[in-house]
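What follows is each chain in one-letter form.
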Amino acid sequence: MRATLMEVLDPARGEAMYTIEWLVDRVRQHLDGRHVGAVFVAEDDGEIVGHTIVRIEHDAARGTHGLFSTVYVVPTARRKSAAVSLLERGEAWLREHEMSEAATWTATTNVPLHELFARLGYSIVEESGEMVRLWKRF
Ligand SMILES: CC(C)(COP(=O)(O)OP(=O)(O)OC[C@H]1O[C@@H](n2cnc3c(N)ncnc32)[C@H](O)[C@@H]1OP(=O)(O)O)[C@@H](O)C(=O)NCCC(=O)NCCS
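Everything in this summary refers to the structure shown in the same document. Nothing here was measured: the structure is a model prediction, and the numbers come from that model.

Glancing now at the pattern of salt bridges. Counted according to the given criterion, the structure contains nine salt bridges. A salt bridge links Arg133 to Asp59; the shortest N-O distance between them is 2.9 Å. Of this pair, Arg133 sits in strand E6 (residues 131-137) while Asp59 sits in strand E2 (residues 47-59), placing them 74 residues apart in sequence. By relative accessible area, Asp59 is classed as partly exposed at 22%. Shared partners join several salt bridges into a network, and the residues in it are Asp25, Asp32 and Arg34.

All right, on to the layout of surface pockets then. Looking at the largest pocket, its volume works out to about 1500 Å³. Lining of the largest pocket is provided by 43 residues; of these, Thr4, Val8, Val71, Asn110 and Leu113 occupy positions nearest its centre. Within the residue set of the lining of the largest pocket, elements represented by two or more residues are helix H1 (2-8), helix H2 (11-17), helix H3 (20-29), strand E3 (63-73), helix H4 (82-96), strand E4 (101-107) and helix H5 (111-119). Residue composition of the lining of the largest pocket, grouped by class: 23 nonpolar, ten polar and ten charged. One number sums up the size of the second largest pocket: a volume of about 210 Å³. Taken together, Met1, Arg2, Ala3, Val27, Val39, Val41, Ile48, His51, Ile53 and Tyr72 make up the full set of residues lining the second largest pocket. Listed by contribution, the elements that provide at least two residues to the lining of the second largest pocket are H1, strand E1 (37-44) and E2. Here the element with the most residues in the lining of the second largest pocket is E2; it accounts for three residues. Here the lining of the second largest pocket is composed, by residue class, of eight nonpolar, one polar and one charged.

For Ser81, which is not a glycine, the phi torsion comes out positive at approximately 75 degrees. Relative to the helices and strands, Ser81 is located in the loop between E3 and H4. Ser81 gets classed as partly exposed once you look at its relative accessible area, which sits at 40%.

Two elements, strand E5 (residues 123-128) and E6, share five bridges in a ladder whose sense is antiparallel. What sits directly across from Ile124, in E6, is Leu134. Hairpin geometry of E5 and E6 is characterised by an intervening segment of two residues between the two adjacent antiparallel strands and by a positive phi of about 60 degrees at Gly129.

Neighbouring the ligand are 21 residues, the closest being Val71, Val73, Arg79, Ser81 and Arg119. Here Val84 contributes a backbone N or O atom positioned 3.0 Å from an oxygen atom of the ligand. Isolated, the ligand exposes 920 Å² of accessible area, and the fraction of that covered by the protein chains is 80%. Structurally, the ligand is housed in the largest pocket.

Conventions and cut-offs
Residues numbered from 1 in each chain as written. Predicted model: local features only at pLDDT ≥ 70, side-chain atom pairs only at ≥ 80, totals over all residues. Heavy atoms only, no water. Salt bridge = Lys/Arg side-chain N within 4 Å of Asp/Glu carboxyl O. Helix = DSSP H or I, 4+ residues; strand = E, 2+ residues; numbered from the N terminus. Buried < 20%, exposed > 50% of the residue type's maximum accessible area, 1.4 Å probe, protein only. 1 Å grid on protein atoms, 1.4 Å probe; cavity = no way out; pocket = protein on both sides within 12 Å on 5 of 7 lines; lining within 4 Å. Points joined across faces, edges and corners; volume = space filled by probe spheres on them. Nonpolar A, V, L, I, M, F, W, Y, C, P; charged D, E, K, R; others polar. Pairing = 2+ DSSP bridges. Near = heavy atom within 4 Å. Polar contact = N/O pair within 3.5 Å; in protein donor to acceptor, adjacent residues only side chain to side chain. Areas by Shrake-Rupley, 256 points an atom, 1.4 Å probe, with all protein chains shown as cover. Sits in = over half its atoms within 2 Å of the grid points.

Next comes the structure, spelled out in structure tokens:
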């Protein structure tokens, strides 16, 4: 998550935004029942090269749906479909949890993420400042 913030914002701002303790707890929330969620990792030769975090979200505007809170692949492992595999695994988990819609938020300027989610059938449904919500009905 820190690597994502450092890449998407800028290195100094991204690194300073959250402490490691806060970030570790954020992941644990998706594993210990504070969220109904899951963490999936992509491995290459025994090394973790990517992850996604998904959870069930409740939202006054859009009701109960699946949320990809983050997805990240290390630069050396990119453009080999790791992110597609992670998101497809997350969508399968959401279907197992009876979700029929999924979303993510990202910066308007994050072209790789827009292209990635568009390829999986997501489209922009909402804009809020510098962020957009991408949405898909299964
Ligand atoms: C976005 C990201 C997760 C993509 O990971 P990846 O494993 O390289 O993605 P994939 O190989 O599965 O790509 C699938 C498709 O997404 C699109 N895509 C991925 N990266 C892209 C890029 N840099 N530019 C344009 N399209 C891109 C392409 O359509 C690609 O298919 P193709 O390779 O056949 O053209 C990765 O670049 C990343 O970790 N970025 C930084 C973190 C980030 O921004 N996370 C989101 C925060 S909200």
